[in-house]
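A look at the structure
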Amino acid sequence: MTEFYWLLVASALVFMMQAGFLCLESGRIRSKNSINVAAKNISDFIISTTLFWLFGFGIMFGDSVAGVFGSSDFLFDDQHSPWEISFFLFQMMFCGTAATLTSGAVAERMTFIGYLAITVLLSAIIYPVVGHWAWSGIYPSVGPSGWLENLGFIDFAGSTVVHSVGGWVALAAVIIIGPRLGRFEEGIRLPPGNNLPLSALGTLLIWFGWIGFNGGSTLALTSDVPMIILNTFISAAWGGLIAAGINYFRDGYVEVGFVLNGTIAGLVGITASCHVVSPAASVVIGSVSGVVVYYGSLFMERWRLDDALDVVPAHLFAGMWGTLSVALFGQPDKIGNGLSFTEQLWTQALGIVVIGAYCFIVGYAGMWLLNRYMPLRATKEQEEQGLNVAEHRATTELFDLLTSMQYQQNNADFSKSVPEEPFTEVGQIARKYNQVIDRVNSEIAQRDDALMRFQESEMRKSAILNSSMDCIVTINRFGSVMEFNPAAERTFGCLKTQVQGKSFIGLFVLEEDRIKIFDSLNSGFSSSNGLILNRRNPFRLQRGPNHHFPAEIAITKANTKTLQESEYTLHIRDMTRHAKLQQRLKFLAYSDPLTSLYNRTYLMDSLVSALLFASRQKTSVGLLFLDLDNFKIINDTLGHKAGDELLCEVARRLTAVSDSRDVIARWGGDEFVLMMTHSVSDTRMSEHAEKILEIMRVPVQLNDQYFTIPTSIGIARSGEQVLDADKLIQQADIAMYWAKEKGRDNAQFFTPNMTNAVTKKFSFEKEVNDALASEQFYLVYQPKVQMEKDNILGLEVLIRWNHPVKGLVPPADFIPIAEESDLIIKIDEWVIDQALMQLKAWRDQDLSIVPVAVNLSGRHLVSDALVTYISERLSYYGIEGRYLEIEITEGVLLQDIQRCIDVMAELKALNIKISVDDFGTGYSSLSYLKRLPLDILKIDQSFVEECDSHTEDAKICETIIYLARSLELLIVAEGVETAPQVNMLKSLGCEIFQGYFFHKPMKSPLVAKLLISRAEIA
């Protein structure tokens, strides 16, 4: 009789642990989720109880099938003895304990329905099977005991069977669901809980319930129970003590969570071996459990696994340690299964691994499947709102307060008070908040009233002063501003309220003049030094630091009885416009109207004077003659307005890097001259030239495109032989051309052997010829696709130069130079030959080839040999003309439109397609498009780049697409890099795309793979 009495008492004590877990978890999480956690704890116990009664007990303790699972005692009924019923109730509490652990780990972010589904998975499939392996023999049934039990595996009250099982499922859930919002974001620390005293109470209830958990596992009130309970309490105490101690010595304070978790870890750790160890061993087991839970928490955080209540360290890790402790500290005479220490340790480790693998794999797989059809994670909005409201529509007084405050913030309506819940802390906060809002409203009302009175006063005073066009400022005898009319506000750029009561002299008089004006003020403006009463005084004032302007000041004095009451009215007229008019007349005579630099006239006059002075003083004059490389191309393609902007930017940069004593002039067109007269030397001129080159290399934005301004600089210096101005200019000019022949973007000193620049051209031709002969050039290909990435319609051929010394030379560096001579024709012919050779190679590989597009220079297009060469190469490689496409830039059409039309017609006769590249950036007449035998228009990247974000670019693209359709031309968008660009262009009717979004330029082997994939898809 006493046997089942003790089981009933132990069951009640274990049931008490459910209340403990509810308090612990509700207190450790944020209040907006506390109701949700409480609902989960009660619900999982209800579900686990139901499932354990239906079939869980049968699977765990029924007649064993090969020691793997039970097959009887389903739907546990009244046909059993009182002891069997008591045993059932005791084990039902264990099942509920295992099921409730997961809720703590995934608190605050898991859906309620999802959690219930995981509880079903654990209670129905995982826990009963594992329990049968380890414990089936403690209940009388037919068949063998569980296979682990037969091996000698010991887990007295469930360090592994209960706690590690719940921990493994919790770990799988944490991995599947992910961390809470902001959990691992830098600078964000989630609160440790909303009610830590409640959590502490929960831990004590769990500790109290563990008396039944461990003590009841004897299944009878035997003499072993007191020692079991003693070991349980000792381990729990030392677990909490060691975890708190490590926390204090590592972090400098004691976090309550580690005290609670250390205690629970000590309880979990001793549970497997409490019946076979001594109290001294319990101290070690509990202490190590404290270490395990502390460093286990750090491990979980390092791996960014968000376990809200440290369930995994406290129950899984400590449970594994406790199970091993049976072999490490268990007394052989009490264990009594005949296994040696090594055999027992191996058996315990095997049980841990097998049970862990089964629980984690089944749990993870089950949750993965559940998550596919029933999302387990709450939405971002639900998590931010709180699961109390999102899952259960359960509001709290704090939530109501925050909602009311949010309404006030969103609507700027503070007329209504927030609700005050009486007799609560939240109600006290709401009452104090309402008092603050009332005080703020009162202060605002007083401020508005004072402001209205001030405005009325200002209106009366301003009626007198507003009619004056001059500044009228009244100051007292100390110089403090008393009145400041609107004209003064406009002139000085500040309001009367900003300066009233402040010193006029300190604000608006230059620092070097302030002492003199203070002396004038102290003398009543009657001394001859400074400003004088009743006279127009020319003077300089300041609107702010480093912002001076010329002024004319007339001072009058108010009639007062004493000097202490004196007031002075200053009538101030801004003379800036008058001074600027004088400067403008001088500017027009000696300056360039576009760049505001000196013009050629001023430079020549200054140069003649400087040379004359230098000859007398035995000094030198230096000249830097600058020419902008490729300016004509930019001017022709982008227009004269862009060219003018570029010249102005050059002027600003030259001024920025030059000495104020240097003379900078625009010589004409894109040529500039800088004259140096102070400390002139080769070293100084070279350093100055290098500064200019560096600043010119900084990109400049023109028409939403970025360009660099490579500059060629010629340097000349007058020496012992006296030169006239024209001769020195000529020498600098010759040196500049030599710099161009040296590759541009450099500076060269004049030397007598600089007679022409032919040598540079020969050198460049030789370098390109060598590159062609030694295979320094190679081709890359960028696919053009129709609608989708895999639907490749053609390829654009792009040339690259791998120079043996300079490395990879961008086409932008050598193509423009080559275009100045027939070298560009050689390069074009090489590209055409290589492209056709590659087409033939692909065809020989039985690949389905697509047309290739080759960029052609304007010089080559109008040459006589183009059509003949292309025809011969097509015939040589056996390639039809339809597989070749010629791309020309819009600027080419500016050269000789009729010649272009004739050549294009001959190319069309070879069945070659012709496209206009960078369409929309040039200035060719649209009427030419009707005459030109074109097939394709390519929208320039500058319009595609922001077509999804700028209406103007989208309209331009739409216009080009409409124009192409009207002329029955294909349209290609190039430079497509993002999905929004693709969607916008598709909506405008564009179907063919080229750009990094689909494919980057690639070498031929990668293109071959794409062609193979294209054939397979087809």
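Parameters at a glance
- Residues numbered from 1 in each chain as written.
- Predicted model: local features only at pLDDT ≥ 70, side-chain atom pairs only at ≥ 80, totals over all residues.
- Heavy atoms only, no water.
- Helix = DSSP H or I, 4+ residues; strand = E, 2+ residues; numbered from the N terminus.
- Buried < 20%, exposed > 50% of the residue type's maximum accessible area, 1.4 Å probe, protein only.
- Contact = heavy atoms within 4.5 Å.
- Lys, Arg positive; Asp, Glu negative; His and termini not counted.
- Charge placed at Lys NZ, Arg CZ, Asp CG, Glu CD.
- Patch = residues over 30% accessible without salt bridge, like charges linked within 9 Å, V, L, I, M, F, W, Y side chains within 5 Å.
- Areas by Shrake-Rupley, 256 points an atom, 1.4 Å probe, with all protein chains shown as cover.
- Salt bridge = Lys/Arg side-chain N within 4 Å of Asp/Glu carboxyl O.
- Phe/Tyr/Trp six-rings, centres within 6.5 Å; stacked < 30°, edge-to-face > 60°.
- Lys NZ or Arg CZ within 6 Å of the ring centre and 35° of its normal.
- Pairing = 2+ DSSP bridges.
- Axes fitted to C-alpha atoms, helices over the stretch in contact; angles between N-to-C directions.
- pLDDT = per-residue confidence, 0-100.
- Core = buried A, V, L, I, M, F, W, Y, C linked by side-chain atoms within 4.5 Å.
- Expected span 1.5 Å × (residues − 1).
- Parallel < 35°, antiparallel > 145°, perpendicular 65-115°, else oblique.
- Left-handed = near helix turned anticlockwise from the far one by under 90°.
- Nonpolar A, V, L, I, M, F, W, Y, C, P; charged D, E, K, R; others polar.

**Focus on the overall build of the chain**
- Summing up its helical and strand segments, the chain has 38 helices and 23 strands in all.
- Taken along the three principal axes of its C-alpha coordinates, the chain extends 130 × 110 × 60 Å.
- Expressed as a percentage of the 1018 residues in the chain, the buried residues total 50%.
- Long-range contacts, defined as pairs at least 24 residues apart, comprise 68% of the intrachain contacts of the chain with a sequence gap of at least 6.
- The averaged location of the 112 negative side-chain charges in the chain is 10 Å from the averaged location of its 84 positive side-chain charges.

**Focus: a nonpolar patch on the surface**
- Residues I175, Y364, W368, L369 and Y373 make up a contiguous nonpolar surface patch of roughly 550 Å² in combined accessible area.
- Looking at the element boundaries, Y364 is found in helix α13 (residues 341-373).

**Here's the deal with the packing of aromatic side chains**
- In total, this model carries 44 aromatic pairs according to the counting rule given.
- Cluster of aromatic residues (ring-pair linked, three or more members): F52, F57, F61, F76, W83, F87, F88 and Y139.
- If you follow R873 out to its NZ or CZ, it ends over the ring of Y876, 4.5 Å from the centre.

**Re the pattern of salt bridges**
- By the definition in use, this model includes 29 salt bridges.
- Measuring nitrogen to oxygen at the nearest pair gives 3.0 Å for the salt bridge that ties E880 to R843. Residue E880 is found in the loop between α32 (866-877) and β19 (884-889), and its partner R843 is found in helix α30 (residues 823-844); the two are separated by 37 residues along the sequence.
- For K938, the salt bridge is made with E974, and the minimal N-O distance between the two is 3.5 Å. Here K938, found in strand β21 (residues 936-939), pairs with E974, found in strand β22 (residues 970-974); they are 36 residues apart in sequence, far enough to count as distant.
- A residue is classified by how much of its surface remains accessible, and K938, at 0% relative accessible area, is buried.
- By relative accessible area, E974 is classed as buried at 9%.
- What emerges from the salt-bridge pattern is a single network uniting R30, E108, R109, R180 and D306.

**Remarks on the environment of A243**
- Position of A243 relative to the elements: it lies in helix α8 (residues 225-251).
- Here A243 falls in the buried class, since its relative accessible area comes to 0%.
- With residues up to four places along the chain from it excluded, the contact list for A243 reads F258, G262, G290, V293 and Y294.

**Quick notes on the sheet that holds strand β8 (residues 622-628)**
- Strand order in this open sheet of five strands is β9-β10-β8-β13-β14, and the pairing throughout is mixed. Two strands close off the open sheet at either side, each with one partner strand: β9 (663-668) and β14 (747-749). Recorded for the sheet is a direction-independent mean angle of 20° between the axes of neighbouring strands.
- As paired elements, β8 and strand β10 (residues 671-676) share six bridges and run antiparallel to each other. Paired with F625 across the bridge in β10 is V673.
- Contacts between helix α27 (residues 725-741) and the sheet are confined to β8, β9, β10, β13 (711-717) and β14, with β13 contributing the most and set at about 140° to the helix.

**What about the confidence of the model for the chain?**
- Averaged over every residue, the pLDDT of the chain is 85; the share at 70 or more is 91%.
- Averaged pLDDT values over the elements of the chain bottom out at 66 in helix α16 (residues 397-411) and peak at 96 in helix α11 (residues 311-329).

**Looking at the side chain of Q18**
- Mapped onto the elements of the fold, Q18 is located in helix α1 (residues 2-28).
- Once you skip the residues sitting within four places of it in the chain, Q18 turns out to touch N41, D44, F45, M93, G96, T97 and T100.

**Brief notes about the nonpolar core**
- By size, the foremost hydrophobic cluster in this structure holds 102 residues, and its most contacted members are Y127 and W135.
- It is helix α4 (residues 112-135) that contributes the most residues to this core, 14 residues altogether.
- Core analysis: the next-biggest nonpolar cluster, separate from the first, contains 81 residues, W801, I815, L856 and V1007 among them.

**Quick notes on helix α6 (residues 159-177)**
- Between its terminal C-alpha atoms α6 stretches 25 Å, which fits the 27 Å expected from 19 residues at 1.5 Å a residue.
- Along α6, 18 of the 19 residues are buried, which leaves the element largely enclosed by surrounding structure.
- Where α6 terminates, the next one or two residues include G178, which has phi positive at roughly 90°.

**Re the sheet that holds strand β3 (residues 471-476)**
- The strand order β4-β3-β7-β6-β5 describes an open sheet built from five strands, whose pairing is antiparallel. In this open sheet, the two strands that pair with only one neighbour each are β4 (481-484) and β5 (537-544). Across the sheet, the axes of successive neighbouring strands diverge by a mean angle of 35°, strand direction being ignored.
- Bridge count for β3 against β4 is three bridges, and the pairing is antiparallel. By the bridge assignment for β4, T474 is matched with E483.

**What to know about the pairing of strand β18 (residues 852-855)**
- Across three bridges, strand β16 (residues 792-803) lies against β18 in parallel orientation. Paired with L795 across the strands is V852, a residue of β18.
- As paired strands, β18 and β19 are joined by four bridges and run parallel to one another. The partner of N855 across the bridge, within β19, is E887.

**Notes on the environment of S686**
- Along the chain, the position of S686 falls in helix α26 (residues 682-696).
- Given the relative accessible area of 35%, S686 is considered partly exposed.
- For the pair S686 and A747, spaced 61 residues apart in the sequence, the C-alpha separation amounts to 7.7 Å.

**Observations regarding the side chain of D940**
- Topologically, D940 is positioned in the loop between β21 and α35 (941-944).
- For the buried D940, no salt bridge exists, and the shortest N-O distance to an oppositely charged side chain is 9.4 Å, to K938.

**A short note on a negative patch on the surface**
- A cluster of acidic residues, D704, E945, E946, D948 and E977, forms a negative patch at the surface.
- Following the sequence through the fold, D948 ends up in the loop between α35 and α36 (951-966).
- Taking relative accessible area as the criterion, D948 reaches 34% and is therefore assigned partly exposed.

**Some points on the packing of α4 against α13**
- Interhelical geometry of α4 versus α13 gives an angle of 160° and a closest axis separation of 10 Å. Comparing the axis directions of α4 and α13 gives the class roughly antiparallel. As α4 packs across α13, the resulting crossing turns out to be right-handed. Judged by residue contacts, A117, I118, L121, I125, I126, V129, V130 and W133 of α4 engage V354, I355, Y358, C359, V362, G363, G366, M367 and L370 from α13.
- Here the contact of α4 with α13 is composed, by residue class, of 15 nonpolar, two polar and no charged.

**Considering the packing of α30 against α32**
- Running from amino to carboxyl end, α30 crosses α32 at an angle of 20°, the nearest separation of the two axes being 10 Å. The orientation of α30 relative to α32 falls into the category roughly parallel. Judged by the sense of rotation from one axis to the other, the crossing of α30 with α32 is right-handed. Mapping the contact onto sequence places E829, I832, D833, L836, M837 and K840 in α30 and Y869, I870, R873, L874 and Y877 in α32.
- Taken together, the residues of the contact of α30 with α32 sort by class into seven nonpolar, no polar and four charged.

**Notes on the environment of G131**
- Relative to the helices and strands, G131 resides in helix α4.
- Separated by 40 residues in sequence, G131 and Q91 have C-alpha atoms that sit 9.9 Å apart.

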